[in-house]
Amino acid sequence: MRALVPLRTGILALDDTGFPKQGTHSVGVQRQYCGALGKIGNGQVAVSSALIADGRTWPLTFELYMPTAWTTDAPRRIAAGIPETLRFREKWRIALAQVRTVLKAGFTVTGVVVDADYGSNAAFRDGLERLGLRYAVAIRGVLTFWTPGARRTHTAAEIAAVAHPDAWHTVTWGTGTTGALTAAFCAVRVRPSKGRGDRWLLCERSADDVRKYYLLNLAPTAALKALVTLARARWPIEQQYRELKDDLGLDHFEGRSYRGWTHHVVLTAIAFTFLQLERGRADTALRPTLPVVRGWVREIMGLLYVIHNRTLLHTLDSFRRNPPLRR
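In this report, the structure presented in the accompanying data block is examined. (Residues numbered from 1 in each chain as written. Predicted model: local features only at pLDDT ≥ 70, side-chain atom pairs only at ≥ 80, totals over all residues. Heavy atoms only, no water.)

### Observations concerning the overall build of the protein chain
Phase 1: The helix and strand inventory of the protein chain stands at 11 helices and 12 strands.
Phase 2: With respect to the three principal axes, the spread of C-alpha positions in the protein chain is 90 × 55 × 45 Å.
Phase 3: Within the span of the protein chain, comprising 327 residues, buried residues form 40% of the whole.
Phase 4: In the protein chain, the proportion of contacts linking residues at least 24 apart, taken out of those at least 6 apart, comes to 56%.
Phase 5: Total accessible area on the protein chain is roughly 18,600 Å²; 56% of this is exposed by carbon and sulfur atoms. (Helix = DSSP H or I, 4+ residues; strand = E, 2+ residues; numbered from the N terminus. Buried < 20%, exposed > 50% of the residue type's maximum accessible area, 1.4 Å probe, protein only. Contact = heavy atoms within 4.5 Å. Areas by Shrake-Rupley, 256 points an atom, 1.4 Å probe, with all protein chains shown as cover.)

Here it is, written out as structure tokens:
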């Protein structure tokens, strides 16, 4: 599937997504944080990567996160068909392995973007730098940094709080469903308390005063707009997850085996890739979206059901000839 992706250069987004489940037999299931639920709940979690290029996303990797409760339980492993070579790995290690897989497949990664769960991990950031990659990772406001002339470290939130008003600049990085995507940003050169060398700390302040923080290893001469553009490039993978689940049934798998789950995810990703290729072939004429086509299919299937159900046809004909009395 990766070989079919027509674009070979772009931003690599890594993230994980949850699949709510009931019971204890679905492979990899346990009580853990599930993004689909927005809280800790019973479910599976998969780590994935996607190439963002020319306004489209292309799924490149998917791997089911296997908690130690599964990797150390021989009977559960056998029942679910988990490969003997598969061992427990933290999500950030799975993500780094996926980066190496993407590079080995011949893709040129111009930048890596992740959420704060990955970006706040110094070992993960170090792994990206060892691979020679640029990154713009979201981080938590409690991470600490050295600033020029400071006698102690300060958190990202503290650095943003004391930034001079003139240091904040309004930047528009894209267009959303409600208009331009705009916020105030402040960029400061800092040195992480865990790590070597200076980095960019990018602070964001939205209209409703929501604060977000990013760490970037771009050159010291990088412009603020370039920092913001890369840091805010992650949202397409969230849209991809939504389309994979809502339109293609990524989260509809009801089996229990490792192999079955993997096959289901690969087939879903192949379907998504096919649709992206079809969108690329589209000319100036607008083509129906997947939700519209799904609506047509539902109507057609409903009509076929009625046509082939003689009892229902007789009932409808009876209602037509003798409408039920209304009070």
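We are not done yet, so read on.
### Observations regarding the pattern of salt bridges
Phase 1: Enumeration over the complete set of coordinates arrives at 12 salt bridges.
Phase 2: Ionic pairing is found between Asp126 and Arg130, a salt bridge with its closest N-O pair at 2.7 Å. With a gap of 4 residues between them, Asp126 and Arg130 both fall in helix 5 (residues 122-130), about one helical turn apart.
Phase 3: Judged by relative accessible area, Arg130 falls into the exposed class, the value being 71%.
Phase 4: Of the charged contacts in the structure, one is a salt bridge between Arg211 and Asp209, with a shortest N-O distance of 3.2 Å.
Phase 5: A single network of salt bridges, built from pairs that share partners, joins Asp15, Arg234 and Glu238. (Salt bridge = Lys/Arg side-chain N within 4 Å of Asp/Glu carboxyl O.)

### Overview of the packing of helix 8 (residues 235-246) against helix 9 (residues 258-281)
Phase 1: Two elements in contact, helix 8 and helix 9, have axes whose closest approach is 10 Å; the angle formed by their N-to-C orientations is 110°. Between helix 8 and helix 9, the angle falls in the class roughly perpendicular. Of the two elements, helix 8 crosses helix 9, and the hand of that crossing is right-handed. For the pair helix 8 and helix 9, contact is made by Gln240, Glu243 and Leu244 and by Thr268, Phe272 and Arg279, respectively.
Phase 2: Broken down by class, the residue content of the contact of helix 8 with helix 9 amounts to 2 nonpolar, 2 polar and 2 charged. (Axes fitted to C-alpha atoms, helices over the stretch in contact; angles between N-to-C directions. Parallel < 35°, antiparallel > 145°, perpendicular 65-115°, else oblique. Left-handed = near helix turned anticlockwise from the far one by under 90°. Nonpolar A, V, L, I, M, F, W, Y, C, P; charged D, E, K, R; others polar.)

### Considerations on helix 8
Phase 1: Taking 1.5 Å of rise per residue, the 12 residues of helix 8 would be expected to cover 16 Å, and the 17 Å separating its terminal C-alpha atoms lies within 8% of that figure.
Phase 2: Within the span of helix 8, buried status applies to Pro236, Ile237, Gln240, Tyr241, Glu243, Leu244 and Lys245.
Phase 3: In this structure, the buried side of helix 8 is in contact with strand 1 (9-20), strand 3 (39-53), strand 4 (56-64) and helix 9. (Expected span 1.5 Å × (residues − 1).)

### Considerations on unusual backbone geometry
Most peptide bonds take the trans form, and the phi angle of most residues other than glycine is negative.
Phase 1: Positive phi outside glycine occurs at Asp54, with the angle close to 55°.
Phase 2: Along the chain, the position of Asp54 falls in the loop between strand 3 and strand 4.
Phase 3: Among the residues examined, Asp54 registers a relative accessible area of 69% and is labelled exposed.

### Re the packing of aromatic side chains
Phase 1: If you walk through the whole model with that rule in mind, you get 5 aromatic pairs.
Phase 2: Ring centres 6.1 Å apart and planes at 65° place the aromatic pair Tyr65 and Phe88 in the edge-to-face group. Here Tyr65, found in the loop between strand 4 and helix 1 (68-71), pairs with Phe88, found in the loop between helix 2 (74-80) and helix 3 (91-104); they are 23 residues apart in sequence, far enough to count as distant.
Phase 3: Residue classification places Tyr65 among the buried positions, given a relative accessible area of 11%.
Phase 4: According to the relative accessible area criterion, Phe88 is partly exposed, its value standing at 32%. (Phe/Tyr/Trp six-rings, centres within 6.5 Å; stacked < 30°, edge-to-face > 60°.)

### As for the environment of Gly10
Phase 1: For Gly10, the position within the fold is in strand 1.
Phase 2: C-alpha of Gly10 to C-alpha of Thr221: the two residues are 211 residues apart in sequence and 22 Å apart in space.

### Re the pairing of strand 6 (residues 135-139)
Phase 1: For strand 6, the tally of buried residues reaches 5 of 5 residues, placing the bulk of the element in the interior.
Phase 2: Neither face of strand 6 is exposed, since Tyr135, Val137 and Ile139 on one face and Ala136 and Ala138 on the opposite face are all buried.
Phase 3: Pairing of strand 5 (residues 108-114) with strand 6 involves 3 bridges; the strand directions are parallel. Across the sheet, residue Val113 finds its bridge partner in strand 6, namely Ala136. (Pairing = 2+ DSSP bridges.)

### Quick notes on the nonpolar core
Phase 1: By size, the foremost hydrophobic cluster in this structure holds 41 residues, and its most contacted members are Leu14, Val112, Phe124, Leu128, Ile139, Phe145 and Leu201.
Phase 2: With 6 residues, helix 3 is the largest single contributor of residues to this core.
Phase 3: Setting aside its immediate chain neighbours within four residues, Leu14 contacts Ser48, Ser49, Ala95, Gln98, Val99, Val112, Val113, Val114, Asp115, Phe124 and Ile237.
Phase 4: Grouped together as the second largest cluster of nonpolar side chains are 25 residues, Ala136, Leu218, Ala222 and Leu227 included. (Core = buried A, V, L, I, M, F, W, Y, C linked by side-chain atoms within 4.5 Å.)

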